[in-house]
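Residue-level structural notes
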Amino acid sequence: MSSAEPPGPGEAAPGLAVAAVARRLGVAPATLRTWDRRYGLGPSEHAAGAHRRYGPRDVERLMVMRRLTLDGLAPADAARVALGEPAEGSARLLSADRSPQAVVDAALAADEERLASLLRLGDQEDAVDWWAGLVAPARELLQRRTVLDRPGLDADLALEHAVVQAVRRRTSERRTHPAAGLVLLTAPPGAPRPLVLHAVAAAISEVDARLVSGPLIGRHLVELAAMTRARAVVTVSERVGDDLSLVGELSAARPELAQLVLVPAADFGAIPTGPAVQRARSAAGLIHELRAVLDTSAAAGG
């Protein structure tokens, strides 16, 4: 049977190489290798003297994994679902004592000690689960409330402060390797810096990540990336219509530099394209892709 012919009755479809599966799913080959190494979602077909190949069942599982991560499910939970196992992950966070509603109640009461306790990011806790299962739902609940704060009190700011302090504790206790280059975490010019960037930093706390403050104009981001030997640049916007031109400028100047971009769904098509620009639809998906990029960089000795 030639390679152009479909399999006949009773014949199995030929397995696919990692590059072919990556193109089909719209992910980097490094992402598939990470899913294989971390979650066991690798190719199952193997012939003597040949590379392992992805069979139809393998590809089906990967499609489930890809869809769930794009929908915002934590990668570890998405992998369990793809493998037919019960998902846990974010659900482990939720209890009567530690839930989004408990966080909102503490923020409204300006109870800083209670907030710190609820939002403490455990040493072995996955920052993606922490964000998706606790912080993000609490922020959403709080933003739905009409609140009459006394002067000097601000429930939103209290919550944000507790989140930042939790991330600060987590990242200050981890060893980083600044000589290997930084990961730069940015917002578009003129946009407020999204709180989720702190969660991204916590999720890669073994890497030296820095949040960029102040104005970014002209080639400033290009210069920062060169000066810091950046391994990747993350751009996140929570507003529709923010200026994303710096993504394109950086890609033109440094086409090999990985960029990961998360914006509202309405702006997804406005993200400039480039050889190393990856678009994410959720914080969990962005962090997952960033981890794959960093794993590849580390394996290459960069």
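Since the structure is predicted, the reported quantities are computational estimates derived from the model, not experimental observations. (Residues numbered from 1 in each chain as written. Predicted model: local features only at pLDDT ≥ 70, side-chain atom pairs only at ≥ 80, totals over all residues. Heavy atoms only, no water.)

**Some thoughts on the nonpolar core**
Counting 52 residues, the largest nonpolar core has Leu115, Leu119, Trp130, Val183, Val234, Leu286 and Leu290 as the members making the most contacts within it. Considering each element in turn, this core owes the most residues, 8 residues, to helix α7 (residues 127-143). Filtering out sequence-adjacent residues up to four positions away, Val183 remains in contact with Ile204, Val207, Asp208, Ala209, Arg210, Ala232, Val234, Leu290 and Leu294. (Core = buried A, V, L, I, M, F, W, Y, C linked by side-chain atoms within 4.5 Å. Buried < 20%, exposed > 50% of the residue type's maximum accessible area, 1.4 Å probe, protein only. Helix = DSSP H or I, 4+ residues; strand = E, 2+ residues; numbered from the N terminus. Contact = heavy atoms within 4.5 Å.)

**Some thoughts on the layout of surface pockets**
Taken as a whole, the largest pocket spans an internal volume of roughly 470 Å³. Contributing to the lining of the largest pocket are 21 residues, with Trp131, Ala136, Val196, Glu238 and Ala283 lying nearest its centre. Elements that contribute at least two residues to the lining of the largest pocket include exactly α7 and α12 (283-299). Looking at the lining of the largest pocket element by element, the count peaks at 8 residues for α7. Of the residues assigned to the lining of the largest pocket, the class counts are 13 nonpolar, 4 polar and 4 charged. Here the second largest pocket defines a volume of roughly 250 Å³. No other element matches strand β5 (residues 277-280), which puts 4 residues into the lining of the second largest pocket. (1 Å grid on protein atoms, 1.4 Å probe; cavity = no way out; pocket = protein on both sides within 12 Å on 5 of 7 lines; lining within 4 Å. Points joined across faces, edges and corners; volume = space filled by probe spheres on them. Nonpolar A, V, L, I, M, F, W, Y, C, P; charged D, E, K, R; others polar.)

**With respect to the pattern of salt bridges**
For side chains bearing opposite charge, pairing can occur when the charged atoms are close. The tally for this structure, following the rule as stated, stands at 12 salt bridges. The residue Arg57 makes a salt bridge to Glu60 at a minimum N-O spacing of 3.0 Å. With Arg57 and Glu60 both in helix α3 (residues 56-70) and 3 residues apart, this pair spans about one turn of that helix. You can call Arg57 partly exposed: its relative accessible area is 43%. Judged by relative accessible area, Glu60 falls into the partly exposed class, the value being 44%. In this structure, Arg98 engages Glu125 in a salt bridge whose closest nitrogen and oxygen atoms are separated by 3.1 Å. Of this pair, Arg98 sits in the loop between α4 (75-82) and α5 (100-108) while Glu125 is found in the loop between α6 (112-119) and α7, placing the two residues 27 residues apart along the sequence. Classification of Glu125 as buried rests on a relative accessible area of 16%. Here the salt bridges do not stand alone but share partners, grouping Arg37, Arg38 and Asp295 into one network. (Salt bridge = Lys/Arg side-chain N within 4 Å of Asp/Glu carboxyl O.)

**So, a negative patch on the surface**
A surface patch of like charges, here negative, comprises Asp149, Asp154, Asp156 and Glu160. Along the polypeptide, Glu160 turns up in helix α8 (residues 155-172). (Patch = residues over 30% accessible without salt bridge, like charges linked within 9 Å, V, L, I, M, F, W, Y side chains within 5 Å. Areas by Shrake-Rupley, 256 points an atom, 1.4 Å probe, with all protein chains shown as cover. Lys, Arg positive; Asp, Glu negative; His and termini not counted. Charge placed at Lys NZ, Arg CZ, Asp CG, Glu CD.)

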